[in-house]
Amino acid sequence: MAIVWEWICNARAYLGEVNTVTMIIRIGLAALAGALVGLERELHGRAAGLRTHMLVSLGATLSALIGVLLSVEMAKLGINSDVQRTGAQVMSGVGFLGAGTILVKKGNSRISGLTTAAGLWATAAIGLAMGYGLYEAAFTAVIVVVLAYTMIGRLEFFMNRKRQRIFVYLELDDVHSVTQMSEKLANDYSGIEIQVTPPRSGCAPHVGIEALIRIPHKVSVEEKIRRLNKLDHVVFALQIT
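Residues numbered from 1 in each chain as written. Predicted model: local features only at pLDDT ≥ 70, side-chain atom pairs only at ≥ 80, totals over all residues. Heavy atoms only, no water.

Draft legend 1. Local environment of the overall build of the protein. Helix and strand counts for the protein stand at 9 helices and 6 strands. Across the 241 residues of the protein, 34% fall into the buried class. Long-range pairs, those at least 24 residues apart, make up 65% of the contacts in the protein between residues at least 6 apart in sequence. Accessible surface, the protein as shown: approximately 14600 Å² in total, 63% of it carbon and sulfur. (Helix = DSSP H or I, 4+ residues; strand = E, 2+ residues; numbered from the N terminus. Buried < 20%, exposed > 50% of the residue type's maximum accessible area, 1.4 Å probe, protein only. Contact = heavy atoms within 4.5 Å. Areas by Shrake-Rupley, 256 points an atom, 1.4 Å probe, with all protein chains shown as cover.)

Draft legend 2. Examining a nonpolar patch on the surface more closely. A cluster of nonpolar side chains, Leu62, Ile66, Leu70, Met74, Leu77 and Ile79, forms an exposed patch at the surface whose accessible area comes to about 530 Å². Its location among the elements puts Met74 in helix α3 (residues 50-76). (Patch = residues over 30% accessible without salt bridge, like charges linked within 9 Å, V, L, I, M, F, W, Y side chains within 5 Å. Salt bridge = Lys/Arg side-chain N within 4 Å of Asp/Glu carboxyl O.)

Draft legend 3. Layout of the packing of helix α4 (residues 84-99) against helix α5 (residues 114-131). Taken N-terminus to C-terminus, the directions of α4 and α5 make an angle of 160°; their axes are 9 Å apart at the nearest point. Between α4 and α5, the angle falls in the class roughly antiparallel. The handedness of the crossing between α4 and α5 comes out as right-handed. Contacts between α4 and α5 involve Gly87, Val90, Met91, Val94, Leu97 and Gly98 on the former and, on the latter, Ala117, Leu120, Trp121, Ala124, Ala125 and Leu128. Residues belonging to the contact of α4 with α5 are distributed by class as follows: 10 nonpolar, 2 polar and no charged. (Axes fitted to C-alpha atoms, helices over the stretch in contact; angles between N-to-C directions. Parallel < 35°, antiparallel > 145°, perpendicular 65-115°, else oblique. Left-handed = near helix turned anticlockwise from the far one by under 90°. Nonpolar A, V, L, I, M, F, W, Y, C, P; charged D, E, K, R; others polar.)

Draft legend 4. A look at helix α8 (residues 178-188). Taken residue by residue, α8 has Val178, Met181, Ser182 and Leu185 as its buried positions. All buried residues of α8 project into a common sector of 100° when viewed along the axis, lining one side. Those residues of α8 that are exposed and angled more than 90 degrees off the buried face are Thr179, Gln180 and Asn187. Looking at the residues trailing α8, positive phi occurs at Ser190, about 50°. (Arc of directions from axis to C-beta.)

Draft legend 5. Quick peek at the nonpolar core. Judged by nonpolar contacts, the single largest core of 19 residues is most densely connected at Leu170, Leu172, Met181, Leu185, Ile213 and Leu228. Secondary-structure elements contributing two or more residues to this core are β3 (163-172), α8, β5 (207-216), α9 (221-229) and β6 (234-240). It is β5 that contributes the most residues to this core, 5 residues altogether. Residue contacts for Leu172: discarding those within four places in its chain leaves Ser177, Val178, Met181, His206, Val207, Ile209, His233, Val234 and Val235. (Core = buried A, V, L, I, M, F, W, Y, C linked by side-chain atoms within 4.5 Å.)

Draft legend 6. Inspection of unusual backbone geometry at higher detail. Backbone geometry at His233 places phi at a positive 70°, although glycine is not the residue there. Mapped onto the elements of the fold, His233 is located in the loop between α9 and β6.

Draft legend 7. Inspection of the packing of aromatic side chains at higher detail. All told, the structure shown has 1 aromatic pair when counted by the stated rule. Ring plane angle 45° and centroid distance 5.8 Å describe the contact between Tyr169 and Phe236, whose orientation is recorded as tilted. Highlighted residues: Tyr169 in strand β3 and Phe236 in strand β6, separated in sequence by 67 residues. Among the residues examined, Phe236 registers a relative accessible area of 25% and is labelled partly exposed. One Lys or Arg, Arg200, reaches over the ring of Tyr169 and ends 4.6 Å from the middle of that ring. (Phe/Tyr/Trp six-rings, centres within 6.5 Å; stacked < 30°, edge-to-face > 60°. Lys NZ or Arg CZ within 6 Å of the ring centre and 35° of its normal.)

Draft legend 8. Broad picture of the side chain of Glu171. Mapping Glu171 onto the fold places it in strand β3. Lacking a salt bridge, the buried Glu171 has Arg200 as its closest oppositely charged neighbour, with an N-O distance of 6.7 Å. There is a polar contact of 3.0 Å between the side chain of Glu171 and the side chain of His206. With residues near it in sequence (within four places) discarded, Glu171 still touches Pro199, Arg200, Ser201, His206, Val207, Gly208, His233, Val234, Val235 and Phe236. (Lys, Arg positive; Asp, Glu negative; His and termini not counted. Polar contact = N/O pair within 3.5 Å; in protein donor to acceptor, adjacent residues only side chain to side chain.)

Draft legend 9. Structural context of the side chain of Thr22. Along the polypeptide, Thr22 turns up in helix α2 (residues 20-43). Residues within four places of Thr22 in sequence aside, it is in contact with Tyr14, Leu15 and Glu17.

Okay, structure coming up:
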């Protein structure tokens, strides 16, 4: 057992060095770490999948290695250099890449892709950690990110299943009833993102309201729409898809 532990310590010390072999190992491990994170996104058909996460992690690792090597060479010349500058630029750049995965669905203002964007940002950090030789921290982060994608995602689904959210449109017969209806939607239906819109019917006295409301799991969407149609001053109500 002591021999095995000594071998592990020696191997870890060697991997902490920066040479051709360890650089290749770090790049390979970075690609593996990115693949592990991106696999779940790929299986769910997300815009940023297996290849994207691999490339982000690999590129971040390469950037970290360049920063380390440049810092060593600058030190030989007696010039102080901040090895973290390269990593900071990587994290800023990945922010723009992650923004490309965020979509706002027209018509109901729903946002999707935030989890994938956050995953890309975390993958870049994992790649940087690998490039700096922080193997334990990098693979621990991989495990946590994968758990966040899978187990915590299921937990969120279970929690939200009891409080389904739908976008609805209500057309009111009088503009003076907007305030009263907005308060009712906010208080009785946990309404958020309430917006006043032109009437879809085109009738001049009417006014429209769009809102994101919550409904209990045991109540169907059709039943909730029927209840909204029975409210005072509501000409008609419908779900926005």
